[in-house]
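Fold and contact review
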Amino acid sequence: MARIAVIGAGMGAMATAARLAVAGHRVTVYERGSTYGGAVGRYERDGFAFDTGPGLLHLPAVYRDLFVKTGKRPLEDCVDMVQADPAVRHVLPRHAVAVTLPGASRGGVAAALDGAFGPGAGERWNGVLGRARDAWDATRRPLLEEPLPADRRALASDPYPALRRSGLLRRRSPTLAEVAERELGGGLGELLTGLVRTYGIDPGRAPASAAVLPYMEQTFGSWYVRGGMRALATAVHERCLERRVEFVFGAQVREVLVADGRAAGLRLADGSEVAADSVVCGIDPRLLPAASLPWPQEAVPARGEGVPSRLTLFLALRGGRPADVVHRTLVHSPGAVATVLRPDDPAGRPDADHEAVTVSALCGPRGAGADELLELACGAVEGLRERLLWHEVRTPADVEAATGAPGGSVPPPALAGAGGRLLYPANSTAVAGLYLAGGWAHPGGGLAHAGMTGALVAGLIVEGAGFRGSQ
Ligand SMILES: Cc1cc2nc3c(=O)[nH]c(=O)nc-3n(C[C@H](O)[C@H](O)[C@H](O)COP(=O)(O)OP(=O)(O)OC[C@H]3O[C@@H](n4cnc5c(N)ncnc54)[C@H](O)[C@@H]3O)c2cc1C
């Protein structure tokens, strides 16, 4: 039994802790805040309640696997998960189009797109998503289920089989924006790029393989947890406690102690030290002083600066939620894409005569302001301004307070292509016994991807450097 110290109580760190405890290790999580979950929080006021972080889960298989591997009760016994169906409504004011797409139905999506954009639109969309499936098949294991390979060259080139334009020699792989323009065009192209933008990815710079994200959503669905996504964090925390993981709150980690080239423990902000046989860093490793960590050059994350945050509005509305509204609407505009969430969940509202709506958009140099966001939300919620009782604004500073990430940056999932610029540092480091989990490590951010870091780090610690994935 080894003593393992985990830094931070975010979802990736807790997923790692539960798996390591099941393997017989003594695991202690050091969290600087007063609660678990990091980005996955809940805001409550006057009987209304809102998710402060993600409002939907893609790839629920990641958490199903965590619960199967760490105890007797499966995920569905611990939280009430429902698939959002219809999956999403897109409102594109510039193209005077609004289209509702059903959940996990290729044919249904194609028919809806034909109806909105004209005959052939569904076929073009399915063509792009079919090529995205090829990219997904090529990268699913190295970019989700396996530790990052030492030789990353295969992940540096874009696996998306973009259509070549006849007569033109392809000098470089196209960006997602170029693929959207060439293979979809107009409003349909904007629909694709807008969806990818919500992940914090710039379609003008991202490789076309970013199309795996819409593919993932359409194929595996979008899932809501009744009572809010915070209930998922609570379930993972409870699973940790059942497996005797210890949590120390109010414990800011200042440094990783290294002795003889091996991780030996932690130094906390109050100056105290804790000894450990291995350390799992569940936060952006650049937040720890480089002097204490001999990072190899390639392990320094290329991301960070310029990674956008989120601006979120919590809207308390008078009047009940109409039965036929869609859970998630994306309102597309050149400046921002607003995600409007209207969960059908009594836990989020004081009574049936009120509704809680969450609106969010990327926040950064090209992000939206609160007024613009409210205006965009009007495109998804009829009579919004007349119904508005009050609203609260959640800024990047609030995100930073919850996660510790400077500027409230929210890391997106890793992508192949772009010369490997969009990969994250590997889960094992040059320091023996020091591992990286959470959204700033391979395979990147988002509930599902960060959750996968738990399987990867636990595999590397339990099975050793030869661990090649859990499937
Ligand atoms: C507003 C918002 C919207 C999002 N929307 C989505 C979405 O739609 N879909 C999706 O999949 N994902 C979304 N995400 C991202 C997703 O929530 C995260 O990627 C996921 O929760 C994984 O987080 P993590 O494991 O990296 O930990 P984090 O949530 O980053 O938590 C890190 C934890 O470490 C603690 N900590 C920091 N520094 C220290 C220190 N020095 N010592 C001790 N503890 C420390 C923090 O207090 C915090 O508890 C969103 C995030 C935010 C903020």
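Just so it is clear, the structure is predicted and the values come from calculations on it, not from any experiment.

**Quick look at the overall build of the chain**
Looking only at helices and strands, one finds 14 helices and 20 strands in the chain. Taking 23 Å as the expected radius of gyration for a compact globule of 471 residues, we find that the chain reaches 22 Å, a close match to that expectation. Once the C-alpha set of the chain is aligned to its principal axes, its extents read approximately 65 × 60 × 40 Å. Buried residues in the chain amount to 57% of all 471 residues. Taking the contacts inside the chain whose residues are at least 6 apart along the sequence as the reference set, 68% of them involve residues at least 24 apart. Here the chain carries 50 positive and 49 negative side-chain charges, and the mean point of each set is 5 Å from the other.

**Looking at helix α8 (residues 186–197)**
Compared with an ideal rise of 1.5 Å per residue, which puts twelve residues at 16 Å, α8 spans 16 Å between its outermost C-alpha atoms and is within 8% of the ideal. Buried residues dominate α8, accounting for eleven of its twelve residues. Listed in full, the buried residues belonging to α8 are G187, L188, G189, E190, L191, L192, T193, G194, L195, V196 and R197.

**A few points about the site of the ligand**
Around the ligand there are 29 residues in total, and E31, A39, G439, G446 and L447 lie nearest to it. Here G12 contributes a backbone N or O atom positioned 2.9 Å from an oxygen atom of the ligand. A402 is positioned such that a nitrogen or oxygen atom in its backbone is 3.5 Å from an oxygen atom of the ligand. Starting from 1000 Å² of accessible surface for the ligand in isolation, the protein chains cover 89%.

**Some details on the sheet that holds strand β10 (residues 246–249)**
Overall, parallel pairing links the five strands, which are arranged β10-β2-β1-β14-β20 in an open sheet. In this open sheet, the two edge strands, each paired with only one partner strand, are β10 and β20 (434–436). If you compare each strand with its neighbour and ignore which way they point, the axes differ by 20 degrees on average. Judged from the five bridges that link them, strand β1 (residues 3–7) and strand β2 (residues 26–31) form a sheet pairing that is parallel.

**Considerations on the confidence of the model for the chain**
Low pLDDT marks stretches whose predicted atomic positions should not be read closely. On average, the chain scores 93 in pLDDT, and the residues at 70 or more come to 94%. Segment residues 296–304: pLDDT under 50, and 19 contacts once partners within four positions in sequence are set aside and those in other chains are kept.

**Considering the pairing of strand β12 (residues 262–268)**
As defined by bridge partners, strand β11 (residues 253–259) adjoins β12 across six bridges and the pair is classed as antiparallel. Opposite E255, over in β12, you have R267 as the bridge partner. In sequence, β11 turns back onto β12 through a hairpin of two residues, with D260 there showing a positive phi of about 50 degrees. Where β12 lies against strand β13 (residues 273–275), three bridges are found, and the strand directions are antiparallel. Paired with R267 across the two strands is E273, which belongs to β13. The antiparallel pairing of β12 with β13 creates a hairpin that spans four residues between the two strands, and G271 there sits at a positive phi of about 95 degrees.

**Observations regarding the sheet that holds β13**
One open sheet accounts for three strands, arranged β11-β12-β13; its pairing is antiparallel. Two strands lie at the open edges of the sheet, namely β11 and β13, each paired on one side alone. Direction aside, neighbouring strands of the sheet carry axes that sit 30 degrees apart on average.

**Quick notes on the packing of aromatic side chains**
Per the counting criterion, the structure on display carries eight aromatic pairs. Their ring planes at 15 degrees and their centres at 6.5 Å tell us that F48 and F50 sit as a pair that is stacked. Measuring from ring centre to ring centre gives 6.2 Å for W136 and Y215, while their planes differ by 50 degrees; the resulting arrangement is tilted. Here the residue W136 occupies a position in helix α5 (residues 121–145), and Y215 occupies one in helix α9 (residues 212–220), the gap between them amounting to 79 residues. Ring pairs connect the aromatic residues Y43, F48, F50, F314 and W390, which therefore count as one cluster. Looking at R45, its charged tip hangs above the ring of W390, at a distance of 3.8 Å from the centre. The lysine or arginine in question, R64, covers the ring of W223, its NZ or CZ lying 5.2 Å from the ring centre.

**Re the packing of helix α7 (residues 176–184) against α8**
As a packed pair, α7 and α8 sit with axes 8 Å apart at the nearest point and diverge in direction by 155 degrees. Looking at the two axes, α7 sits roughly antiparallel to α8. In this structure, α7 crosses over α8, and the sense of that crossing is right-handed. Together, L176, A177, A180 and L184 of α7 and G186, L188, G189, L192, T193 and V196 of α8 make up the contact between the two elements. For the contact of α7 with α8, the per-class residue count stands at seven nonpolar, three polar and no charged.

**Focus: unusual backbone geometry**
Negative phi is the rule for most residues except glycine; trans is the rule for most peptide bonds. The omega torsion of the bond from D85 to P86 falls at 5 degrees, within 30 degrees of zero and hence cis. Mapped onto the secondary structure, P86 falls in the loop between β6 (81–83) and β7 (88–92). Geometrically, the link from H442 to P443 is a cis peptide bond, its omega value of 0 degrees lying close to zero. Structurally, P443 is set in the loop between β20 and α14 (447–463). Look at D46: it is not a glycine, yet its phi comes out positive at around 50 degrees. Within the secondary structure, D46 sits in the loop between β3 (42–45) and β4 (48–51). Phi at A96 is positive, roughly 50 degrees, even though this residue is not glycine. Assignment of secondary structure puts A96 in the loop between β7 and β8 (97–101).

Analysis parameters
- Residues numbered from 1 in each chain as written.
- Predicted model: local features only at pLDDT ≥ 70, side-chain atom pairs only at ≥ 80, totals over all residues.
- Heavy atoms only, no water.
- Helix = DSSP H or I, 4+ residues; strand = E, 2+ residues; numbered from the N terminus.
- Rg over C-alpha atoms; globule rule 2.2 N^0.38 Å.
- Buried < 20%, exposed > 50% of the residue type's maximum accessible area, 1.4 Å probe, protein only.
- Contact = heavy atoms within 4.5 Å.
- Lys, Arg positive; Asp, Glu negative; His and termini not counted.
- Charge placed at Lys NZ, Arg CZ, Asp CG, Glu CD.
- Expected span 1.5 Å × (residues − 1).
- Near = heavy atom within 4 Å.
- Polar contact = N/O pair within 3.5 Å; in protein donor to acceptor, adjacent residues only side chain to side chain.
- Areas by Shrake-Rupley, 256 points an atom, 1.4 Å probe, with all protein chains shown as cover.
- Pairing = 2+ DSSP bridges.
- Axes fitted to C-alpha atoms, helices over the stretch in contact; angles between N-to-C directions.
- pLDDT = per-residue confidence, 0-100.
- Phe/Tyr/Trp six-rings, centres within 6.5 Å; stacked < 30°, edge-to-face > 60°.
- Lys NZ or Arg CZ within 6 Å of the ring centre and 35° of its normal.
- Parallel < 35°, antiparallel > 145°, perpendicular 65-115°, else oblique.
- Left-handed = near helix turned anticlockwise from the far one by under 90°.
- Nonpolar A, V, L, I, M, F, W, Y, C, P; charged D, E, K, R; others polar.

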